[in-house]
There are 2 protein chains.
Amino acid sequence: MRRAAALIAVAIASSAPAAEPPPGRAKAQMCATCHGALGLSNTPDAPHLAGQPRIYLVEQLKAFRSGKRAHEVMNVVAKPLSDADIADLAEWYASLAVEVREPR
Amino acid sequence: MRRAAALIAVAIASSAPAAEPPPGRAKAQMCATCHGALGLSNTPDAPHLAGQPRIYLVEQLKAFRSGKRAHEVMNVVAKPLSDADIADLAEWYASLAVEVREPR
């Protein structure tokens with residue numbers, strides 16, 4: 001009976017939201033200047049990142065890092081990113097839910 | 001008096017919303033397969049286009065058309081687009097309002 005109670009407690013604890021924010025959230029602070037605090041761009045030539053597919057974000061960050069995709073700012077910004085940084089950033093932006101409304 | 005009434009009628013008619021949908025809406029039908037009916041992508045390596053800054057969309061479509069930005073599908077799709085097509089598509093996608101929600 002004790003064991004069952006303990007198992008239930010573990011199950012509840014592991015389904016609770018993590019207290020730690022995801023690592024991508026802090027790493028994304030440097031992106032906010034152009035791409036907005038929650039990934040909605042406030043810069044005419046910078047895209048929204050919120051809710052973008054994770055795989056797309058990983059591909060683009062790697063392309064900016066290698067120079068395959070050319071952009072003055074992004075090639076510099078992406079240069080020092082590790083694969084783990086890129087994975088974290090992509091995970092964070094992909095986790096932001098977006099909704100779209102048609103214009104009236 | 002007749003003339004004044006006619007002028008008022010014209011003024012009312014021209015302030016009414018256009019019955020014609022914007023040209024970019026129809027042109028965007030070919031994009032929907034990868035980028036979603038309202039610009040929310042359903043393809044892992046295709047980005048959301050809804051609400052993206054107009055200038056960003058114009059730049060990227062021109063870069064795909066010229067080959068400056070490389071992508072197997074987009075280089076083919078963008079090749080026949082005129083500057084007017086690109087302007088219309090960018091206008092349409094930029095007109096879609098997006099909202100973002102933080103994950104819980």
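Residues numbered from 1 in each chain as written. Chains lettered and ligands numbered in written order. Predicted model: local features only at pLDDT ≥ 70, side-chain atom pairs only at ≥ 80, totals over all residues. Heavy atoms only, no water.

Remarks on the confidence of the model for chain A
Residue and element names in this part refer to chain A.
Here comes step 1: The predicted model of chain A has a mean per-residue pLDDT of 87, with 81% of residues at 70 or higher.
Here comes step 2: Confidence over residues 7-13 falls short of pLDDT 50; this stretch has zero contacts with residues more than four positions distant or in other chains.
Here comes step 3: Model confidence for the complex: the whole-complex pTM is 0.80, and ipTM, which rates the interface, is 0.78. (pLDDT = per-residue confidence, 0-100. Contact = heavy atoms within 4.5 Å.)

Regarding the pattern of salt bridges
As a working rule, side chains carrying opposite charge can pair if their charged atoms are close by.
Here comes step 1: On inspection of all chains with the given rule, the structure shows ten salt bridges over all chains.
Here comes step 2: In this structure, E99 of chain A and R101 of chain B form a salt bridge, with 3.1 Å as the shortest nitrogen-oxygen distance. You can see E99 of chain A sitting in strand β1 (residues 97-101) and its partner R101 of chain B sitting in strand β1 (residues 97-101), one on each of two chains.
Here comes step 3: Classification of R101 of chain B as partly exposed rests on a relative accessible area of 48%. (Salt bridge = Lys/Arg side-chain N within 4 Å of Asp/Glu carboxyl O. Helix = DSSP H or I, 4+ residues; strand = E, 2+ residues; numbered from the N terminus. Buried < 20%, exposed > 50% of the residue type's maximum accessible area, 1.4 Å probe, protein only.)

A short note on the packing of helix α4 (residues 54-66) of chain A against helix α6 (residues 83-95) of chain A
All names here are of chain A.
Here comes step 1: Packing of α4 against α6 brings their axes to within 8 Å, and their N-to-C directions diverge by 140 degrees. Here α6 runs oblique to α4, going by the angle between their axes. Here α4 runs over α6; the crossing is right-handed. Residues R54, L57, V58, L61, K62 and R65 of α4 form the contact with α6, whose participating residues are D83, I86, L89, A90, E91, Y93 and A94.
Here comes step 2: A class-by-class count of the residues in the contact of α4 with α6 yields eight nonpolar, no polar and five charged. (Axes fitted to C-alpha atoms, helices over the stretch in contact; angles between N-to-C directions. Parallel < 35°, antiparallel > 145°, perpendicular 65-115°, else oblique. Left-handed = near helix turned anticlockwise from the far one by under 90°. Nonpolar A, V, L, I, M, F, W, Y, C, P; charged D, E, K, R; others polar.)

Some details on the interface of chain B and chain A
Here comes step 1: At the interface, 29 residues of chain B touch 29 residues of chain A.
Here comes step 2: Overall, the association of chain B and chain A removes approximately 2,900 Å² of surface from exposure, summing both partners, and the carbon and sulfur fraction of that is 56%.
Here comes step 3: For the interface between chain B and chain A, the tally reads four salt bridges.
Here comes step 4: Run the count over chain B and chain A and you get 17 residue pairs in polar contact (both at pLDDT 80 or more).
Here comes step 5: Contributions of two or more residues to the side of chain B that touches chain A are made by α4 (54-66), α6 (83-95) and β1 of chain B.
Here comes step 6: Looking at the side of chain B that touches chain A, the element that brings in the most residues is β1 of chain B, giving five residues.
Here comes step 7: Broken down by class, the residue content of the side of chain B that touches chain A amounts to 15 nonpolar, seven polar and seven charged.
Here comes step 8: In terms of strand pairing, β1 of chain A meets β1 of chain B through five bridges, oriented antiparallel. Pairing of A97 of chain A across the sheet is with R101 of chain B, part of β1 of chain B. (Buried area = accessible area lost by both parts, 1.4 Å probe. Polar contact = N/O pair within 3.5 Å; in protein donor to acceptor, adjacent residues only side chain to side chain. Pairing = 2+ DSSP bridges.)

Notes on the nonpolar core
Here comes step 1: Grouped together as the largest cluster of nonpolar side chains are 38 residues, with contacts concentrated most on Y93 of chain A together with Y93 of chain B.
Here comes step 2: Listing elements by their share of this core, those giving two or more residues are α4, α5 (72-78) and α6 of chain A together with α4, α5 (72-78) and α6 of chain B.
Here comes step 3: Y93 of chain B has contacts with A28, C31, G39, L49, A50, G51, Q52 and L57 of chain B, leaving out every residue within four places of it along the chain. (Core = buried A, V, L, I, M, F, W, Y, C linked by side-chain atoms within 4.5 Å.)

Overview of the relation of the copies chain B and chain A
Here comes step 1: Under the fitted operation, chain B is carried onto chain A by 0.0 Å of movement along the axis and a turn of 180 degrees, and the coordinates agree to an RMSD of 0.0 Å. Taken together, the rotation and translation describe the operation of a two-fold axis. No C-alpha of chain B lies nearer the rotation axis than that of E99 of chain B, which sits 2.6 Å from it.
Here comes step 2: A share of 100% of the interface residues of chain B reappears at the interface of chain A, consistent with the copies meeting face to face through the same patch. (Least-squares fit on C-alpha atoms with pLDDT ≥ 70 in both.)

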